[in-house]
Amino acid sequence: MHPMSSASTPTERAGGLPLARILWPIGLSLAVLALIAAFTLEPGTFGRIRDELDGTWISFAFLLVATRVLFGGWRLSHVSRGRLSFSAGIRGQLAWDFASNITPSLVGGAPLAAMFVARDTRLSGNDASTVGEVGAFMLFVMLLDQLWFAFTAPVVLVAALFIEVIPDSLGSVGMVTSVAYLALFMTWTAIFAYGTLFRPILLQRLLGRVFSLRPLRPFRERAMLEMARYGEQAAHIRSQPARFFAVGFGLTAGTWFARYFLAVAVIGAVVPGLDITLTVLRSAAMALGSLVLPTPGGAGGIEGLYVLFFASLMPKAFVVPTLLAWRFLAYYLFVAIGIALSTHHVHRTMRNRRLENGASVAAGPPST
């Protein structure tokens, strides 16, 4: 994270990041949502929704949001083998969700989240070793996510043979593209998992070739250094027993099922008789597709994916209200929590520094 300048205040920056960088993806998301509303929203829509709203589904939606956070915090605590407490794991998961929402999906929020968790906790060691240790935890969580995607991608592909998981609205070209993408994604996931668990040298060689390209050569030395550290972290992961992986994978399944079912809860609240199985499968397919979106948190693109995957499951006028509710619970809410969490962290850090400086002044100059 960029250090805060002396002229900056926590309200101008959250966790050392300019608010403009945090807020522009939200603006893009809302702009695309407004564009969709121009084509789908009808007079009296919100009155219809008020009359048909199912409070049980809404309560379930909020429960799913809490479940996602709790399972994520539990997972971070588990992979750290207790080095991170459950509460620290929850704060770390919230920081990760926040970081993921302000960085492109292709980049991910793990580096920013690792720095936050390292500063938030009281692990032994210096700053560099603490960040490295937390980075190892994050690497294992990323591996668990990759293994989960490798599991869900073939499920989506097989299900698509029997039900309309890939909407007809995508057309034959969209269908072929979707299938090809899922196949390539499974291939990459297999390479990533195999390289992490058994042959880190393969990933190092692949990275070396990528950063041998002319535009990336200036960054090659730093990339290879980070990859060497990655190999050390991978060795630690390989030493863990099978039960450790099984529990971690179970917690990963819990976090992702909570994400998938959120769309079910939001749409089901206004659409009686919703096909739950189809909606969950489409939510999983949409999540896989959103991984390659270039904007922070998939802003703009994921709204379009929502329309493609879910518009056919509800009256056209309900698309924008359900999309707004879904994005609020899955995206806007976590950005707001992240800003509050980061601002609190900055205030606490500044307060501790003032106390330390005050103690140094009170102690006086060292004796000679």
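Counting restarts for each chain: residues are numbered from 1 in the order of the written sequence. Only residues with pLDDT of at least 70 get local features here, since the model is predicted, and only at 80 or more are side-chain atom pairs given and counted; chain-wide, interface and lining totals rely on the full set of residues. Heavy atoms from the whole structure form the basis of all side-chain values; hydrogens and water molecules are not counted.

A. Main features of the packing of aromatic side chains. Any two rings among Phe, Tyr and Trp, with Trp reduced to its six-membered ring, count as a pair given centres within 6.5 Å; such a pair is stacked if its planes are under 30 degrees apart, edge-to-face if over 60, and tilted if neither. By the definition in use, this model includes 16 aromatic pairs. On the basis of an interplanar angle of 40 degrees and a centroid distance of 5.5 Å, the ring pair of Trp148 and Phe151 is categorised as tilted. Of this pair, Trp148 and Phe151 both sit in helix α6 (residues 127-159), separated by three residues, roughly a single helical turn. A 1.4 Å probe rolled over the protein chains alone gives each residue an accessible area, and that area as a share of the maximum for its type sets the label: buried under 20%, exposed over 50%, partly exposed in between. With relative accessibility at 45%, the residue Phe151 sits in the partly exposed group. Judged by centre distance (6.0 Å) and plane angle (45 degrees), the ring pair of Trp256 and Tyr260 falls under tilted. Of the two residues, Trp256 and Tyr260 both sit in helix α10 (residues 242-268), four residues apart, roughly one turn of that helix. Here Trp256 matches Tyr260 in class, with each residue buried. A connected cluster of aromatic rings, assembled from ring pairs, spans Trp148, Phe149, Phe151, Phe249, Trp256, Phe257, Tyr260 and Phe261. Sitting over the ring of Phe334, Arg68 keeps its end group 4.1 Å from the ring centre. Where helices and strands are cited, they refer to DSSP runs of H or I of at least four residues and of E of at least two residues respectively, numbered from the N terminus. Ring-over charges, as used throughout, are those where CZ of Arg or NZ of Lys falls within 6 Å of the ring centre and within 35 degrees of the ring normal.

B. Layout of the pattern of salt bridges. By salt bridge we mean one thing: a side-chain nitrogen of Lys or Arg within 4 Å of a carboxyl oxygen of Asp or Glu. Scanning the entire structure with this criterion turns up five salt bridges. Residue Asp97 pairs with Arg259 through a salt bridge whose shortest N-O separation is 3.4 Å. With Asp97 in helix α4 (residues 86-101) and Arg259 in helix α10, the pair connects residues that are 162 residues apart, well separated along the chain. You can call Asp97 buried: its relative accessible area is 5%.

C. Region of interest: the side chain of Ser80. Relative to the assigned elements, Ser80 resides in the loop between α3 (55-79) and α4. You can call Ser80 buried: its relative accessible area is 3%. There is a polar contact of 2.9 Å between the side chain of Ser80 and the backbone nitrogen of Leu84. Polar contacts here mean pairs of N or O atoms no more than 3.5 Å apart (in protein, one a potential hydrogen donor and the other a potential acceptor; neighbouring residues in sequence count only if both atoms are side-chain atoms).

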